[in-house]
Amino acid sequence: MGRLSVTILLILSALQGSNVNVYERNCVACHRHVSPSLEKLFFDYLLKYSSERRVKRALADYLKHPTKKRSVASEEVIQKYGLMPKTWLRDTDLHKAIDTYWETYKVFGKIK
Ligand code: HEC
């Protein structure tokens, strides 16, 4: 995608301001350049924290205060990309982004 279309996309998503867009604009936009994928990291969180409430709380904490000690990412990943930068999102947007992230990858609803 060209720089112009990216800009237009960003403006459009800013105007709509829905949950999905906070997630797309912030999380996905950066994670596109990061491996392991958001999906893989999601399942690492799920394994470590098991419930929806605990996953969401741990993730909100991590996004606000990323530390090597709490990270589920491997040494190699942190060497390559550094820690995820501390989020600049407001709490409301942060929670919207996390809710969308959860809805995108949660498996429970899909199994039924
Ligand atoms: C500017 C880039 C950037 C943005 C924005 C970003 N991330 Fe990350 N994220 C990374 C990088 C790099 C890592 C790997 C290093 C680490 O784990 O800290 C990572 C790690 C993670 C992890 C694993 C955390 C852990 O315990 O190591 C999760 C889950 C995650 N991101 C989700 C998100 C979500 C959800 C958002 C949006 C609210 C988001 N990220 C925004 C770059 C980003």
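Residues numbered from 1 in each chain as written. Predicted model: local features only at pLDDT ≥ 70, side-chain atom pairs only at ≥ 80, totals over all residues. Heavy atoms only, no water.

Asks: Just to check I follow, could you spell out the overall build of the protein chain for this structure?
Replies: Tallying secondary structure elements over the protein chain gives seven helices and zero strands in all. Taken from N to C terminus, the helices and strands of the protein chain fall in the order α-α-α-α-α-α-α. Counting across all 112 residues of the protein chain, residues that qualify as buried make up 33%. Summarising the internal contacts of the protein chain: among those between residues at least 6 apart in sequence, 56% fall at separations of at least 24. As displayed, the protein chain offers around 7800 Å² of accessible surface, 59% of which is attributable to carbon and sulfur atoms. (Helix = DSSP H or I, 4+ residues; strand = E, 2+ residues; numbered from the N terminus. Buried < 20%, exposed > 50% of the residue type's maximum accessible area, 1.4 Å probe, protein only. Contact = heavy atoms within 4.5 Å. Areas by Shrake-Rupley, 256 points an atom, 1.4 Å probe, with all protein chains shown as cover.)

Asks: Sorry if this is basic, but what is going on with the coordination of the iron atom of the ligand here?
Replies: A four-donor tetrahedral metal ideally has 109.5 degree angles, and a six-donor octahedral metal ideally has angles of 90 or 180 degrees. Around the iron atom of the ligand, the protein supplies His-31 (NE2) and Met-84 (SD) as donor atoms, at distances of 1.9 to 2.1 Å. Viewed at the metal, the six donor atoms of the iron atom of the ligand are separated by angles of 81 to 179°, and the geometry they form is octahedral. Note that His-31 is positioned in helix α2 (residues 19-31) and Met-84 in the loop between α5 (75-81) and α6 (91-105), a separation of 53 residues in sequence. Given the relative accessible area of 16%, His-31 is considered buried. When its relative accessible area of 26% is taken as the criterion, Met-84 is described as partly exposed. (Donors = N, O, S within 2.8 Å, 3.2 Å for Na, K, Ca; no water. Tetrahedral: all angles 85-135°; square planar, octahedral: opposite > 155°, others 65-115°.)

Asks: Would you take a moment to explain the site of the ligand for this structure?
Replies: Of all residues adjacent to the ligand, which total 23 residues, the nearest are Cys-27, Cys-30, His-31, Tyr-62 and Met-84. One of the side-chain N or O atoms of Tyr-62 is found 2.5 Å from an oxygen atom in the ligand. One of the side-chain N or O atoms of Ser-71 is found 2.5 Å from an oxygen atom in the ligand. Among the elements of the structure, α2, α3 (38-49), α4 (52-64), α5 and α6 are those that each provide at least two residues to the shell around the ligand. Examining the composition of the shell around the ligand, we find that four residues originate from one element, α2, more than from any other. (Near = heavy atom within 4 Å. Polar contact = N/O pair within 3.5 Å; in protein donor to acceptor, adjacent residues only side chain to side chain.)

Asks: What is the right way to look at α4 in this model?
Replies: One turn of an α-helix holds 3.6 residues; hence residues three or four places apart share an orientation. Counted at 1.5 Å a residue, the expected span for α4 with its 13 residues is 18 Å, and the 18 Å between its end C-alpha atoms agrees. Contacts from the buried residues of α4 go to α3 and α6. (Expected span 1.5 Å × (residues − 1).)

Asks: What am I meant to see in the packing of aromatic side chains here?
Replies: The geometry of an aromatic ring pair is captured by the separation of the ring centres together with the interplanar angle, meaning the angle of the planes. Taken as a whole, this structure holds seven aromatic pairs when the rule is applied. Measuring from centroid to centroid gives 5.3 Å for Phe-42 and Tyr-101, while their planes differ by 85°, and the two rings are edge-to-face. Taken as a pair, Phe-42 in helix α3 and Tyr-101 in helix α6 lie far apart in primary sequence, 59 residues in all. By the burial criterion, Phe-42 is buried, and Tyr-101 matches it. (Phe/Tyr/Trp six-rings, centres within 6.5 Å; stacked < 30°, edge-to-face > 60°.)

Asks: For this particular structure, what's the right way to read the nonpolar core?
Replies: Soluble globular proteins tend to pack their nonpolar side chains together in the buried interior. Tyr-23, Leu-38, Tyr-45 and Tyr-101 are the most contacted members of the largest nonpolar core, which has 23 residues in total. In this structure Tyr-23 touches Val-28, Leu-38, Ala-97, Thr-100, Tyr-101, Thr-104 and Tyr-105, once residues within four positions along its chain are discounted. (Core = buried A, V, L, I, M, F, W, Y, C linked by side-chain atoms within 4.5 Å.)

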